[in-house]
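Below, each chain spelled out in residue letters.
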Amino acid sequence: MSEQTVLKKDEYSGDVHWYDLPDDDVETEPPAPVIRPRRWRLLRKVAGRSAAVVVLLALWETLPRIGLLDPVFVPPLSENLRAWWELLATGRLGEHVAASLARSLAGFLLAVALAIPLGLAIGWYRPVAEFLSPVLEIFRNTSAVALLPVFTLILGIGETTKVTFVLYACSWPILLNTISGVKTVEPLLIKSARSLGLGPVRLFQKVILPAAVPTIFTGVRLAGTYSILVLLFAEMVGAKAGLGYLIQASQSNFRITDMYAGIVTISVVGLLFNLLLVTLERRFSTWRTS
């Protein structure tokens, strides 16, 4: 066998020798970075925002059980949730929630329908503002709760009183924020729009109203909170159903767990209502860029 034939066999041989292996000092490419899935980032975000709530609920469960709070007046969270479930299973909680939501939404929607147009007129037309400002200054500094007896004397103790009371309380944050939103529009935007030939109607439609939307929705969100809070006071006077009535009746009959169940329900309803309004605000403010 010739020397050339031996070299060809070694060249194409399948044997691997130690000197054919790569050295340890040879630089290799770094591993590709691990991309975290979006759901893990979302879970971390949710966990960070809910940590304080979890701590509060844990303290509510623990402190009464170790004696730092009187369990008679502040029962552990688990007992209150058990009472909440019993109210829900018997249908009583659903009746109270439905009654409160009907009154709250009626007053809130009426306030939105009346206060926003009035606020736009006051903020845009100076004669209207000069005519109504003295009356507004008088009533804006009067507490709605202080006027509840007046509403009761004039309208009685029926549903009309409760809806009107919510309407009055919700109108002020919407009205004042609408006026502020119109008056604080950037003057340069108005001058630019006028220089382009926009008339009063088109100017109001294309410039004033879109620029005032964020401030208006701030008032709407405040009114959404007020619609639930002030309703509790109205339902404690002459009502036979509603979350305010549930809390008042439970406290009078010393059903403490039922009272806390009503309070927890109010918090949850208010939170969901606020989330709904935030979603609507984002929907109507899509023209803004961040």
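### Digging into the overall build of the protein chain
So, step 1. Looking only at helices and strands, the protein chain has 11 helices and zero strands in total.
So, step 2. Each helix and strand of the protein chain, ordered N terminal to C terminal, gives the series α-α-α-α-α-α-α-α-α-α-α.
So, step 3. Every one of the 290 residues in the protein chain was classed for burial, and the buried ones make up 32%.
So, step 4. Restricting the contact set of the protein chain to residue pairs at least 6 apart, pairs at least 24 apart contribute 72%.
So, step 5. Accessible surface, the protein chain as shown: approximately 19,400 Å² in total, 65% of it carbon and sulfur.

### Quick word on the packing of aromatic side chains
So, step 1. In the structure shown here, the tally under the stated rule is six aromatic pairs.
So, step 2. Ring geometry for Phe-73 and Phe-254: centres 6.2 Å apart, planes at 85 degrees, overall edge-to-face. Of this pair, Phe-73 sits in the loop between helix H2 (38-66) and helix H3 (77-90) while Phe-254 sits in the loop between helix H10 (243-252) and helix H11 (256-284); the two residues are 181 residues apart in sequence, bridging distant segments of the chain.
So, step 3. Members of the aromatic cluster, each reached through a chain of ring pairs, are Phe-151, Phe-165, Tyr-168 and Trp-172.

Thresholds applied
- Residues numbered from 1 in each chain as written.
- Predicted model: local features only at pLDDT ≥ 70, side-chain atom pairs only at ≥ 80, totals over all residues.
- Heavy atoms only, no water.
- Helix = DSSP H or I, 4+ residues; strand = E, 2+ residues; numbered from the N terminus.
- Buried < 20%, exposed > 50% of the residue type's maximum accessible area, 1.4 Å probe, protein only.
- Contact = heavy atoms within 4.5 Å.
- Areas by Shrake-Rupley, 256 points an atom, 1.4 Å probe, with all protein chains shown as cover.
- Phe/Tyr/Trp six-rings, centres within 6.5 Å; stacked < 30°, edge-to-face > 60°.

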